[in-house]
Structures are given as C-alpha cells and as structure tokens.
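# An overview of the molecular structure
Chain by chain, the residues:
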Amino acid sequence: MKKNHFEERSKFLTLENHFLNTFFSGLYLSAGDFIAIGRENGLDLQMHSREMLIKDLLNESDKIGTLNGVIASLTSLIDTRISEVHRLSLEYPGARAPLSKLAQKAAGTKALLAREVRGNPYEH
C-alpha cells in the first residue's frame, strides 16, 4: 500500500525549485553558500542536501523574521556571480553568448527574490 505522508507545503516552493534548477536560475549556489548565508542571518543550518538547506534557510528565516536579510544576502551573492560572469565574458569572447544567457537568468533570479520581498498583495 502507498503510504500517505502529510507534509506542510512550503510557501517558498517556487523559489526553492528555482534555486535547485540551475537551468532556470542561471547559477549554482552550493550547500556552503546557503550555510554561510544562514550564519550571516542568525541561523545555524546543519549540513543536509541542498534541497533541505534551501527549505530550512527560507522557512526558518521567515519564522524568526530575518527573511529580508536572507534575501539581501542572496541578492548580494547573485550580484557577485553576475559580475564574475561578465568578467569571464570579457576574458573569453568565444563564450560570451552562453555566459550572457547565464547572466540574464541570474538577473531573473534577482527579480524573483525582489518579488518575494514585496510579497503577494492578495495574501493576508
């Protein structure tokens, strides 16, 4: 028989899936990156899979009220990665086209984070 598990659905599911899929996000954030961002924002995250770290980082920071700080840290890290991609595209002109696509996707990830900060006006 199939076991039915009730698991509370995360309100950050879209954001979690976005960070897990490098095709959509345009960047790879490691488990160490998520742990460091958690530490900067008062969370002591334990080493787990990237999926669990992303879930814990977003949901726990929301619970303790540091979500805006986490999003600011993620945005700063993404800005750093975008500038690295731009530097690489200047050093390696042959790779400019695929690198510019990565930079565009990373900028889209920043926009998704900005929407998360603004929140959903239809939620109470």
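Use the structure listed above.
Anyway, here's the lowdown on the structure attached to this text. This structure is a prediction, so every number in the text was calculated from the model and none was measured.

The rules behind these values
In this convention, every chain numbers its residues from 1, walking through the sequence in written order. In view of the model being predicted, local features appear only for residues whose pLDDT reaches at least 70, and side-chain atom pairs are presented and counted only at 80 or more, with totals across whole chains, interfaces and linings using the full set of residues. Hydrogens and water are ignored here; the side-chain numbers use all heavy atoms of the structure. Counted as salt bridges are all cases of a side-chain nitrogen of Lys or Arg within 4 Å of a carboxyl oxygen of Asp or Glu. In DSSP terms, a helix is any run of H or I states spanning at least four residues, a strand is any run of E spanning at least two, and both are numbered starting from the N terminus. Each polar contact in these results corresponds to two N or O atoms within 3.5 Å; when the atoms are within protein, one needs to be able to donate a hydrogen and the other to accept it, and residues that are neighboring in sequence are counted only if both atoms are side-chain atoms. In what follows, a contact means two residues having at least one pair of non-hydrogen atoms within 4.5 Å. We define the nonpolar core as a collection of buried residues of types Ala, Val, Leu, Ile, Met, Phe, Trp, Tyr and Cys that are connected through side-chain atoms lying within 4.5 Å of one another. The cut-offs for exposure are 20% and 50% of the maximum accessible area for each residue type, with area from a 1.4 Å probe on protein chains only; residues under the lower value are buried, those over the upper are exposed, and the others partly exposed. Ring geometry is summarised as follows: Phe, Tyr and Trp rings, the Trp one being its six-membered ring, pair when their centres sit within 6.5 Å, and such pairs are stacked at plane angles under 30 degrees, edge-to-face over 60 and tilted between the two.

### Side note on the pattern of salt bridges
Throughout the structure, instances matching the rule amount to 6 salt bridges. Put simply, D62 and K11 hold a salt bridge, and the shortest N to O gap is 3.1 Å. Taken together, the positions of D62 in helix α4 (residues 50–64) and K11 in the segment before α1 (13–20) put the pair 51 residues apart, joining distant regions of the chain. Residues K110 and D79 are paired through a salt bridge, measuring 2.6 Å at the closest nitrogen-oxygen approach. Here K110, found in helix α6 (residues 96–118), pairs with D79, found in helix α5 (residues 67–91); they are 31 residues apart in sequence, far enough to count as distant.

### Remarks on the side chain of S73
Locating S73 in the fold gives a position in helix α5. Side-chain polar atoms of S73 contact the side chain of N41, separated by 3.2 Å. What S73 contacts, discounting residues up to four positions off in sequence, is I37, E40 and N41.

### Observations concerning the nonpolar core
Core analysis: the largest hydrophobic core is formed by 25 residues, its most contacted members being F19, F34 and L74. Looking at this core element by element, the count peaks at 7 residues for α5. In this structure, L74 is in contact with F19, L29, F34, I37 and L113, ignoring residues within four places of it in sequence.

### With respect to the packing of aromatic side chains
Taken as a whole and judged by the stated rule, the model has 2 aromatic pairs. Centroid distance F19 to F34: 6.1 Å. Interplanar angle 85°. Geometry classified as edge-to-face. Here the residue F19 occupies a position in helix α1, and F34 occupies one in helix α3 (residues 31–40), the gap between them amounting to 15 residues. Each member of the pair, F19 as well as F34, carries the same accessibility label: buried. Between F23 and F24, the aromatic rings sit 5.3 Å apart at their centres with planes inclined by 75°, giving edge-to-face as the arrangement. For F23, a relative accessible area of 56% puts it in the exposed group. On the basis of relative accessible area, F24 is assigned to the partly exposed category, the value being 47%.

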